[in-house]
Amino acid sequence: DQQVKQNSPSLSVQEGRISILNCDYTNSMFDYFLWYKKYPAEGPTFLISISSIKDKNEDGRFTVFLNKSAKHLSLHIVPSQPGDSAVYFCAASPFSSGSARQLTFGSGTQLTVLP
Amino acid sequence: KAGVTQTPRYLIKTRGQQVTLSCSPISGHRSVSWYQQTPGQGLQFLFEYFSETQRNKGNFPGRFSGRQFSNSRSEMNVSTLELGDSALYLCASSLTPGTVQETQYFGPGTRLLVL
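Computed from a prediction, not measured in an experiment: that's the story for all the values here.

Chemist: Please give an account of unusual backbone geometry that cites residues and values.
Modeler: Cis rather than trans, the peptide bond between valine 78 of chain A and proline 79 of chain A has omega equal to -15°. With respect to the element layout, proline 79 of chain A can be found in the loop between β8 (72–77) and β9 (86–93). Phi is positive for serine 72 of chain B, which is not a glycine, with a value near 80°. By secondary structure assignment, the location of serine 72 of chain B is in the loop between β7 (64–68) and β8 (74–78). Classification of serine 72 of chain B by relative accessible area gives buried; the value is 11%.

Chemist: Residue-level account of the state of the cysteines, with values.
Modeler: Inspection of every chain in the model, using the stated rule, returns two disulfides over all chains. Here cysteine 23 of chain A is linked by a disulfide to cysteine 90 of chain A, with a sulfur-sulfur distance of 2.0 Å. The S-S bond linking cysteine 23 of chain A to cysteine 90 of chain A shows a torsion near -70°; that makes this disulfide left-handed. Here cysteine 23 of chain A, found in strand β3 (residues 19–25), pairs with cysteine 90 of chain A, found in strand β9; they are 67 residues apart in sequence, far enough to count as distant. For the pair formed by cysteine 23 of chain A and cysteine 90 of chain A, the shared burial category is buried. Note that cysteine 23 of chain B is cross-linked by a disulfide to cysteine 91 of chain B, the S-S spacing being 1.7 Å. Disulfide cysteine 23 of chain B-cysteine 91 of chain B: the torsion about the S-S bond is -55°, which places it as left-handed.

Chemist: A description of the sheet that holds β3 of chain A should follow, citing residues and the corresponding values.
Modeler: One open sheet accounts for five strands, arranged β1-β3-β8-β7-β6 (chain A); its pairing is antiparallel. Of all the strands in the sheet, just β1 (4–5) and β6 (56–59) of chain A have a single pairing partner and so form its edges.

Chemist: Describe the pairing of strand β3 (residues 19–24) of chain B, listing the residues and the values that go with them.
Modeler: Residue and element names in this part refer to chain B. Relative to β3, strand β1 (residues 5–7) runs antiparallel, the two sharing three bridges. Looking at β3, one finds that threonine 7 is bridged to serine 22. Pairing of β3 with β8 involves five bridges; the strand directions are antiparallel. The residue of β8 that forms the bridge with serine 22 is glutamate 75.

Chemist: Could you give an account of the interface of chain A and chain B, naming the residues involved and the relevant values?
Modeler: In this complex, chain A contributes 21 residues to the contact, which on the side of chain B involves 29 residues. On inspection of chain A and its partner chain B, the count reaches zero salt bridges. The interface formed by chain A and chain B contains two residue pairs in polar contact (both at pLDDT 80 or more). Per-element accounting of the side of chain A that touches chain B gives the leading share, four residues, to strand β4 (residues 32–38) of chain A. Its residues assigned to classes, the side of chain A that touches chain B shows 11 nonpolar, seven polar and three charged.

The rules behind the values
- Residues numbered from 1 in each chain as written.
- Chains lettered and ligands numbered in written order.
- Predicted model: local features only at pLDDT ≥ 70, side-chain atom pairs only at ≥ 80, totals over all residues.
- Heavy atoms only, no water.
- Helix = DSSP H or I, 4+ residues; strand = E, 2+ residues; numbered from the N terminus.
- Buried < 20%, exposed > 50% of the residue type's maximum accessible area, 1.4 Å probe, protein only.
- Disulfide = S-S within 2.5 Å.
- Pairing = 2+ DSSP bridges.
- Contact = heavy atoms within 4.5 Å.
- Salt bridge = Lys/Arg side-chain N within 4 Å of Asp/Glu carboxyl O.
- Polar contact = N/O pair within 3.5 Å; in protein donor to acceptor, adjacent residues only side chain to side chain.
- Nonpolar A, V, L, I, M, F, W, Y, C, P; charged D, E, K, R; others polar.

Rendered as structure tokens:
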């Protein structure tokens, strides 16, 4: 049973428009969430994170929104650029558990930004 | 500064064999985590090592094991390989186990194919 789900395996967006990637989780113990980006033949790179005490975190073109009641988070990329084309992974952790490294990842969403 | 390196990058084995994968963390990083990525399953946490000690372990059978050396380099071993072990194995390093907020840096992975 996947505790972190990314239901859209792929997403195509026109350059300059907004990309919205979604992630749902089922484990109520998760209270820290991260997004990673992965290019082919490379390992994932950290993008942005959010703790459950916040509902929004922004870093440049990237904003993550957290809806705790719906157990849902989303990553917004505005404006989207062709270089953003990659697989995006959502990850979650029970921050206070002590198992800080035991991230649970979603299956990823392939974002393609069309020029 | 060099990133996380993993060797070999690609590996083909047959069922029943065993395999050892190697990870060299970023210089100065002492925490190493391993993840398995399979199609449709996202990244699944295998284990984390710090100061030559396993700190956390994911939900994998005992066929999966690892170790860390005094120079922080880590190896993982899979014995009695099964077809389902075919995956991309990713290693990530960080300065210390610290908290989940401390960024982990991923290597490019070792792609294992079991025939």
